[in-house]
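# Breakdown of the fold
Residues per chain are reported as follows:
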Amino acid sequence: MGLDNVAVQWPRTGRFYDPVAPAEFVDFGDIVDIVDMPRISAPTAALAELIAKTGTVRATAYTELVDLLLGLEGVLYATDAAAEDEDPVIDPDGCAWVASGIERFVAGHRAHGEAVTFDSVSEVLRSLLADGRLAEQQLRWLDSRLDALRDDSGEPPLWNFTCAELAVLAAFYRRCADRGFAVYADA
């Protein structure tokens, strides 16, 4: 199966969260307006179309990357909420935080090209952390996180994203935050 992040009404009423009507995301079907890119990859278009039709992101492919970018584990699974015996939901403030992190990364990555790979993510994060207050400590943390993502033979994950695709992903969470929606992590 996998992980879906479904836009839901916040706060919930009754026992269950009500899904947000897909009409709230219908403009995602016009991908050119969202990412301002002349050539759109098939995965980017597919992500935007799914959001436009369902108000949902198939989040499984993005979990490792988002966790790395935001420095936590299980962000898109909403594991903090689940651990506290709450529903696995990212509230509107959390959606704004997720969107901001992805948006900052995309802005920083543009100078490295459109293709987002394990190596390019490593370069961008290193350059962002090198100027930080605790640069040495943060770079050691980054190295340990990057090493943990490698498989038993030392190979990195085969990430094959584009900046445009991640911009669409960020736009989904930004829309939820701006309109006061939450995201239910349906695994």
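Throughout what follows, the structure given in this document is the object of discussion.

## A word on the packing of helix 2 (residues 42–54) against helix 8 (residues 163–179)
Remark: helix 2 packs on helix 8, axes separated minimally by 8 Å, with the N-to-C direction vectors making an angle of 15°. Judged by the angle between their axes, helix 2 and helix 8 are roughly parallel. In terms of crossing hand, the pair formed by helix 2 and helix 8 is left-handed. Side by side, helix 2 and helix 8 meet where Pro43, Thr44, Leu47, Ala48 and Ile51 of the first sit next to Ala164, Glu165, Val168, Leu169 and Phe172 of the second. When its residues are assigned to classes, the contact of helix 2 with helix 8 shows eight nonpolar, one polar and one charged.

## Concerning the environment of Pro19
Structurally, Pro19 is set in the loop between strand 1 (4–9) and helix 1 (31–35). Remark: the alpha-carbon pair of Pro19 and Val6, spanning 13 residues in sequence, is separated by 7.1 Å. Non-local contacts of Pro19, meaning those with residues more than four positions away in its chain, are made with Ala7, Val8 and Gln9.

## As for the packing of aromatic side chains
Applying the stated rule across the entire model yields eight aromatic pairs. Aromatic pair Trp10 and Tyr17: ring centres 6.4 Å apart, planes at 5°, arrangement stacked. Using a relative accessible area of 18% as the deciding quantity, one classes Tyr17 as buried. Plain terms: the ring middles of Phe172 and Tyr173 are 5.1 Å apart, the flat faces sit at 80° to each other, and that makes the pair edge-to-face. One aromatic cluster is present, built from ring pairs that chain together Phe25, Phe28, Phe172, Tyr173 and Phe181.

## Overview of the nonpolar core
Among the nonpolar cores identified, the biggest contains 51 residues, and Leu166 and Phe172 are the most heavily contacted of them. It is helix 8 that provides the largest number of residues to this core, a total of nine residues. The residues touching Phe172, leaving out its near neighbours within four places in the chain, are Asn5, Ala7, Phe25, Phe28, Ile51, Gly55, Thr56, Val57 and Val183. Membership of the second largest hydrophobic core comes to five residues, among which are Val8, Tyr17, Val89 and Ala182.

## Let's talk about helix 8
The first and last C-alpha atoms of helix 8 sit 24 Å apart over 17 residues, in line with the 24 Å expected at 1.5 Å per residue. Burial analysis of helix 8 places 13 of its 17 residues in the buried class, the great majority of the element. Residue Gly180 follows helix 8 closely and has a positive phi angle near 75°.

How each quantity is defined
Residues numbered from 1 in each chain as written. Predicted model: local features only at pLDDT ≥ 70, side-chain atom pairs only at ≥ 80, totals over all residues. Heavy atoms only, no water. Axes fitted to C-alpha atoms, helices over the stretch in contact; angles between N-to-C directions. Helix = DSSP H or I, 4+ residues; strand = E, 2+ residues; numbered from the N terminus. Parallel < 35°, antiparallel > 145°, perpendicular 65-115°, else oblique. Left-handed = near helix turned anticlockwise from the far one by under 90°. Contact = heavy atoms within 4.5 Å. Nonpolar A, V, L, I, M, F, W, Y, C, P; charged D, E, K, R; others polar. Phe/Tyr/Trp six-rings, centres within 6.5 Å; stacked < 30°, edge-to-face > 60°. Buried < 20%, exposed > 50% of the residue type's maximum accessible area, 1.4 Å probe, protein only. Core = buried A, V, L, I, M, F, W, Y, C linked by side-chain atoms within 4.5 Å. Expected span 1.5 Å × (residues − 1).

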